[in-house]
Amino acid sequence: MKIKEAANRLNTTPRTIRFYEEKGLIQPDKGENDYRSYNEHHLWKLQTILSLREVGMSTQQIKHTLQNEEEVECYLNVQRSALYEQWLEIKDMIGTIDQMLDKSTDEGFVKEDIFALADQLKNVKEKRKGWQDQWDFNGQARDYDKSLKMNGYRFNVHEHYEEALEKAVEVVQPKEGEKGVDIGIGTGNLGSQFTPKGACIIGVDQSDEMLSVCKEKHPQIDVRHGHFLALPVMDGEVDFITTSYALHHVTEEEKELALREMDRILKPNGRIAIVDLMFADQHDRECVVGDFKDAGNQEAIFAIEDEYYANRSNLVAWFEQLGYKVHTHSFNNILHMVYAEKQ
DNA sequence: ATTCTGACA
DNA sequence: TGTCAGCA
């Protein structure tokens, strides 16, 4: 059939169909007169393109999706996270406008306040967009579980690993029918411990490969592409949040935003358990790092400087600012848990 | 009458 | 994506 008929059948326009061809998404047959000719297979493909466009995918992304049809789910997952990021950005902008309007007095606007709010907003936007995986988790995914079992030569970051995960499950006390999120789920070692207790788990990770491994190991987990600073979850949607060995991949500055993001998706009376490599406080950090230096343990120093170990005291303070009741627990010098309950 | 390409909004 | 011109 000719282009107009094809367009009519698909509820689109000839211009659009030609445009997709120009972008290399589809190549129809051409007759002697150079007229394009479409068969059922072409129509089916166009239908797919139009559907993906409808959920906001760019023609470039669609091209990739079409090239690996088996991975449509993965591409949709990534697209969802991109939409969540946009949605959050718009929410932030509206919130900022509300605050700007609140600042207006009888005297009119105080420009300095407006400027400050805009600066803040810019800062949050940049943080949300700026996060990058510097550690190649896609590359690590396939043998991540194996690497957990190997002991570091002089610095074992996974000492007390099992114990720490168990502790998180114990304090969260998942109940039947509850919904929880595990952030940076990786291969699912923590998240999967909640489903046997009847909870639904959303597993968030920025690495497609990790999500893929996690889904293979634990099909019952709802894996979602996303990260700490833009969680692919609606406001007040979950009863609890857990995260293990992940928060140290965002900088200290980003951590505060990360906690606010957790607060956003958590229901009232919800709970949060953070298990991670961190120091009790600044003083403790200096002592521990100093000891490693004195011992000439370059491995440890390098590992610590390559990532962003938190000061536990900061996490506690931020949670308390947000009105949470906080408990802490130490497994060793550098492995701690922060447990926070939303009031 | 319909489509095609290319330019421009 | 829509629209328009100039052609075949």
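All values reported here derive from a predicted model rather than from experimental measurement.

Trainee: How would you summarise the protein's contact with DNA strand C if you had to cite specific residues and measurements?
Mentor: What surrounds DNA strand C is the set Thr13, Arg15, Thr16, Phe19, Tyr20 and Arg53. Within 4 Å of the protein, the atoms of DNA strand C are drawn from sugar and phosphate moieties in a proportion of 36%. Between DNA strand C and arginine 15 there is a distance of 3.2 Å, counted from a base oxygen to a side-chain nitrogen or oxygen. One of the side-chain N or O atoms of arginine 53 is found 3.5 Å from a phosphate oxygen in DNA strand C. Of all the elements, helix 2 (residues 14–22) adds the most residues to the surface near DNA strand C, at four residues. For the surface near DNA strand C, the class distribution of residues is two nonpolar, two polar and two charged.

Trainee: Any chance you could break down unusual backbone geometry for me, citing the residues and the numbers?
Mentor: Positive phi outside glycine occurs at histidine 160, with the angle close to 65°. Residue position: histidine 160 is located in the loop between helix 8 (144–149) and helix 9 (161–172). A relative accessible area of 28% means that histidine 160 is categorised as partly exposed. Unusually for a residue other than glycine, tyrosine 245 sits at a positive phi of about 50°. Locating tyrosine 245 in the fold gives a position in the loop between strand 6 (238–244) and helix 11 (252–265).

Trainee: Before we move on, can you summarise helix 6 (residues 111–130) with the specific residues and values?
Mentor: The end-to-end C-alpha distance of helix 6, which contains 20 residues, comes to 28 Å, matching closely the 28 Å that a straight helix rising 1.5 Å per residue would cover. Of the positions making up helix 6, those classed as buried are Ile114, Leu117, Leu121, Val124, Lys127 and Arg128. In an axial view of helix 6, the angular spread of the buried residues amounts to 155°, which keeps them on one side of the axis. Opposite its buried face, helix 6 presents the exposed residues Lys111, Glu112, Asp119, Glu126 and Lys129, each directed more than 90 degrees away. Each element contacted by the buried residues of helix 6 is listed here: helix 5 (72–103) and helix 11.

Trainee: Break down the protein's contact with DNA strand B for me, citing the residues and quoting the values.
Mentor: As a structural note, the neighbourhood of DNA strand B is formed by Lys2, Ile3, Lys4, Arg18, Lys30, Asp34, Tyr35 and Arg36. Close to the protein, within 4 Å, the atoms of DNA strand B are drawn from sugar and phosphate at a rate of 86%. A distance of 2.6 Å separates a base oxygen of DNA strand B from a polar atom in the side chain of tyrosine 35. One of the side-chain N or O atoms of arginine 36 is found 2.7 Å from a phosphate oxygen in DNA strand B. Here the residues of the surface near DNA strand B sort into two nonpolar, no polar and six charged.

Trainee: Describe the packing of helix 3 (residues 40–54) against helix 4 (residues 59–67), naming the residues involved and giving the relevant values.
Mentor: Axis separation between helix 3 and helix 4 bottoms out at 10 Å; the angle between their running directions is 135°. Here helix 4 runs oblique to helix 3, going by the angle between their axes. Of the two elements, helix 3 crosses helix 4, and the hand of that crossing is right-handed. The residues of helix 4 that touch helix 3, namely those facing Lys45, Thr48, Ile49, Leu52 and Arg53, are Ile62, Thr65 and Leu66.

So, how was this worked out
- Residues numbered from 1 in each chain as written.
- Chains lettered and ligands numbered in written order.
- Predicted model: local features only at pLDDT ≥ 70, side-chain atom pairs only at ≥ 80, totals over all residues.
- Heavy atoms only, no water.
- Near = heavy atom within 4 Å.
- Polar contact = N/O pair within 3.5 Å; in protein donor to acceptor, adjacent residues only side chain to side chain.
- Helix = DSSP H or I, 4+ residues; strand = E, 2+ residues; numbered from the N terminus.
- Nonpolar A, V, L, I, M, F, W, Y, C, P; charged D, E, K, R; others polar.
- Buried < 20%, exposed > 50% of the residue type's maximum accessible area, 1.4 Å probe, protein only.
- Expected span 1.5 Å × (residues − 1).
- Arc of directions from axis to C-beta.
- Contact = heavy atoms within 4.5 Å.
- Axes fitted to C-alpha atoms, helices over the stretch in contact; angles between N-to-C directions.
- Parallel < 35°, antiparallel > 145°, perpendicular 65-115°, else oblique.
- Left-handed = near helix turned anticlockwise from the far one by under 90°.

On their own, these measurements won't tell you what the molecule is for.
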